[in-house]
Amino acid sequence: MSITTLSAPGSEYGPCLDPCGHIDCQEIRHIAQSKCRTCSLDIGYDREIMMLADGTIVHADCLEGVLEKAGK
Ligand SMILES: [Zn+2]
Ligand SMILES: [Zn+2]
């Protein structure tokens, strides 16, 4: 599992503000628009997210909540 943060559009490491054809930007936008499996909200930007081994993406703090509930 790796924790990462998507930089907001228009910021130094974020995707372009406007729609563009950059593969990197499209990938970041795609991730940001996908839903957190735990809270069903958009993954979004500037928030710690975690990529699970099966490719699922969740907010890091959401996953911590789940693990706590599971008694871990
Ligand atoms: Zn771009
Ligand atoms: Zn979440």
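Above this text sits the structure in question.
The rules behind the values
- Residues numbered from 1 in each chain as written.
- Chains lettered and ligands numbered in written order.
- Predicted model: local features only at pLDDT ≥ 70, side-chain atom pairs only at ≥ 80, totals over all residues.
- Core = buried A, V, L, I, M, F, W, Y, C linked by C-beta atoms within 7 Å.
- Buried ≥ 20, exposed ≤ 12 C-beta atoms within 10 Å, placed from the backbone.
- Contact = placed C-beta atoms within 7 Å.
- Pairing = 2+ DSSP bridges.
- Helix = DSSP H or I, 4+ residues; strand = E, 2+ residues; numbered from the N terminus.
- Axes fitted to C-alpha atoms, helices over the stretch in contact; angles between N-to-C directions.

K.L.:
Give me the nonpolar core: which residues, what numbers.
P.N.:
In this structure, Leu6, Ile28, Ala32, Cys36, Ile49, Val58 and Leu63 together form the largest nonpolar core, which totals seven residues. Those residues in contact with Ala32, other than ones at most four positions away along the chain, are Leu6, Asp42, Ile43, Gly44 and Tyr45.

K.L.:
Any chance you could break down the sheet that holds strand S3 (residues 57-59) for me, citing the residues and the numbers?
P.N.:
Strands sit in the order S1-S2-S3 across an open sheet of three strands; the sheet is antiparallel. Strand pairing shows two members of the sheet lacking a second neighbour, strand S1 (2-5) and S3, which therefore form its edges. Geometrically, the sheet is characterised by an average inter-axis angle of 35° between neighbouring strands, direction not taken into account. Sheet topology note: the strand S2 (residues 48-51)/S3 ladder contains three bridges and is antiparallel. In the strand pairing of S3, Met50 is matched with Val58. The sheet strands contacting helix H2 (residues 60-69) are S1, S2 and S3, and the helix crosses S3 at an angle near 85°.

K.L.:
Account for the pairing of S2, naming residues and giving values.
P.N.:
Pairing of S1 with S2 involves four bridges; the strand directions are antiparallel. Bridge pairing in S2 links Ser2 to Met51. Counting the residues between successive antiparallel strands, the hairpin from S2 to S3 contains five residues, one of them, Gly55, with a positive phi of roughly 95°.

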